[in-house]
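So you can see what is in the structure, the chains are spelled out below.
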Amino acid sequence: MTMKIRKAIFPAAGLGTRFLPATKAQPKEMLPLVDKPIIQYGVEEAMASGCDQIIIITGRGKQAIEDHFDVSYELEKMLEERKKTDLLQIVRSISDMIHVAYVRQKEALGLGHAVLMAKELVGNEPFAVLLADDVIDAEVPVLKQMVQVFEQTQCSVLATQMVEGKAISSYGVLDVKPVSGGQFANRLFEIKNMVEKPKPEDAPSKQAIIGRYILTPAIFECLSETAAGAGGELQLTDGMRLLLQKETMYAYVYEGRRHDTGDKLGFLKATVEFALKRADLGGPFREYLKGLKL
Ligand code: UTP
């Protein structure tokens, strides 16, 4: 029997220290790219990839995420009374979007720990993990590309990107073997090993893990057996290394353009690119940028 990916987990309990002071009292997942919170891009991607259940891992100070996906009676009533139908439709479409469940991670004990929090809600089926910070502009949503790989392999799939030079030390890096032939030629690799944040000279390849994963439920047992690693945090990469000893796992070099919006410069670049693409803002924004004496 082939399994489908129905559930998508969004770990959002991190402290967002790279974006202080903006993230002191508001979640970084709610920072807007033009006019839409970062996490909504990810939720829309998950839905467009066939997921119908969203699980968000939250923590202290993340209430705004729950409010965003909830009904806002006062706002809707006011927009209705003032006959602002376009805005009303935008606001309603968010709360109508999908069923969202929330699990609280009491302490930010790492990404692996955050994923483990969803164990009961996920149960015994494969699922997706999306890190909302990684906003990816792609013709075919990246998770959908990965679901296609999963449908063929029925194995865990990690999205990867080629990273040059010293920057590789910020990622989980894979040792891989190409899978020849087939519809994913040149993009699909079997994973041999993985290392978290290696020194450039120790990196087994240029293939870095980004914030999109499809995992089999065996990961939960692996995470339960994993000891806290770097910084006292339970690392997802350590859990996945254990999973690799039990099951075949694949790396898939996604097609698309990724923005690391958890980083200030990445956020600025994404804002400019997304604004330029907008039908309502692109023209005047381009004119404004041209006028800057750079
Ligand atoms: P990051 O490494 O980006 O950490 O976490 P962070 O705390 O969010 O941000 P910085 O680095 O301090 O600026 C990767 C993802 O894992 C989640 C984060 O919310 C983010 O989506 N996460 C991390 C948790 O949910 N819980 C944790 O304990 C740690």
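Just above sits the structure.
Report follows, based on the coordinates.

Rules and cut-offs
- Residues numbered from 1 in each chain as written.
- Predicted model: local features only at pLDDT ≥ 70, side-chain atom pairs only at ≥ 80, totals over all residues.
- Heavy atoms only, no water.
- Helix = DSSP H or I, 4+ residues; strand = E, 2+ residues; numbered from the N terminus.
- Rg over C-alpha atoms; globule rule 2.2 N^0.38 Å.
- Buried < 20%, exposed > 50% of the residue type's maximum accessible area, 1.4 Å probe, protein only.
- Contact = heavy atoms within 4.5 Å.
- Areas by Shrake-Rupley, 256 points an atom, 1.4 Å probe, with all protein chains shown as cover.
- Lys, Arg positive; Asp, Glu negative; His and termini not counted.
- Charge placed at Lys NZ, Arg CZ, Asp CG, Glu CD.
- Expected span 1.5 Å × (residues − 1).
- Arc of directions from axis to C-beta.
- Polar contact = N/O pair within 3.5 Å; in protein donor to acceptor, adjacent residues only side chain to side chain.
- Phe/Tyr/Trp six-rings, centres within 6.5 Å; stacked < 30°, edge-to-face > 60°.
- Near = heavy atom within 4 Å.
- Patch = residues over 30% accessible without salt bridge, like charges linked within 9 Å, V, L, I, M, F, W, Y side chains within 5 Å.
- Salt bridge = Lys/Arg side-chain N within 4 Å of Asp/Glu carboxyl O.

**What about the overall build of the protein?**
Then step 1. Secondary structure assignment for the protein yields 11 helices and 13 strands.
Then step 2. Its C-alpha atoms give the protein a radius of gyration of 20 Å, near enough to 19 Å, the size a compact globule of 294 residues would have.
Then step 3. Seen along its three principal axes, the alpha-carbon backbone of the protein occupies a region of about 60 × 50 × 40 Å.
Then step 4. Out of the 294 residues belonging to the protein, those deemed buried represent 46%.
Then step 5. Of the contacts formed within the protein by residues at least 6 apart in sequence, a portion of 78% connects residues at least 24 apart.
Then step 6. By element, 53% of the accessible surface of the protein is carried by carbon and sulfur atoms, the whole surface being about 15300 Å².
Then step 7. For the protein, the centre of its 37 positive side-chain charges and the centre of its 39 negative side-chain charges are spaced 4 Å apart.

**Side note on helix 10 (residues 264-277)**
Then step 1. Taking 1.5 Å of rise per residue, the 14 residues of helix 10 would be expected to cover 20 Å, and the 20 Å separating its terminal C-alpha atoms lies within 8% of that figure.
Then step 2. Taken as a whole, helix 10 has its buried residues at G266, F267, A270, F274 and A275. What you see down the axis of helix 10 is that its buried residues fit within an arc of 155°, all on one side. Opposite the packed face of helix 10, turned more than 90 degrees from it, sit the exposed residues L265 and L268.
Then step 3. Looking at the buried positions of helix 10, the neighbouring elements they touch are strand 2 (32-33), helix 1 (38-48), strand 7 (134-137), strand 13 (257-260) and helix 11 (282-291).
Then step 4. Taking the backbone nitrogen of L265 as reference, a side-chain oxygen 3.3 Å away marks D263 as the first, capping residue of helix 10.

**Considering unusual backbone geometry**
Then step 1. In this structure, the amide linkage connecting L20 to the following residue, P21, adopts the cis form with an omega of 5°.
Then step 2. Mapped onto the secondary structure, P21 falls in the loop between strand 1 (7-11) and strand 2.
Then step 3. Even without glycine at this site, V34 takes up a positive phi of about 65°.
Then step 4. Locating V34 in the fold gives a position in the loop between strand 2 and strand 3 (36-37).
Then step 5. Phi is positive for Q154, which is not a glycine, with a value near 55°.
Then step 6. If you trace the backbone, Q154 turns up in the loop between helix 7 (142-153) and strand 8 (156-162).

**A word on the packing of aromatic side chains**
Then step 1. The final tally for this structure, using the stated rule, is five aromatic pairs.
Then step 2. Ring geometry for F184 against Y252: centres 6.2 Å apart, planes inclined by 85°, an arrangement best described as edge-to-face. Of this pair, F184 sits in the loop between strand 9 (172-178) and strand 10 (188-196) while Y252 is found in strand 12 (residues 249-253), placing the two residues 68 residues apart along the sequence. A single burial state applies to F184 and to Y252, both of which are buried.

**Comments concerning the site of the ligand**
Then step 1. In the region of the ligand, 18 residues are neighbours, and T17, R18, K28, Q105 and G110 sit closest.
Then step 2. Here A13 contributes a backbone N or O atom positioned 2.9 Å from an oxygen atom of the ligand.
Then step 3. Burial of the ligand by the protein amounts to 82% of the accessible area it has alone, namely 570 Å².

**Let's talk about a nonpolar patch on the surface**
Then step 1. A surface patch of nonpolar side chains, amounting to about 390 Å² of accessible area, comprises Y288, L292 and L294.
Then step 2. Structurally, the position occupied by L292 is in the segment after helix 11.

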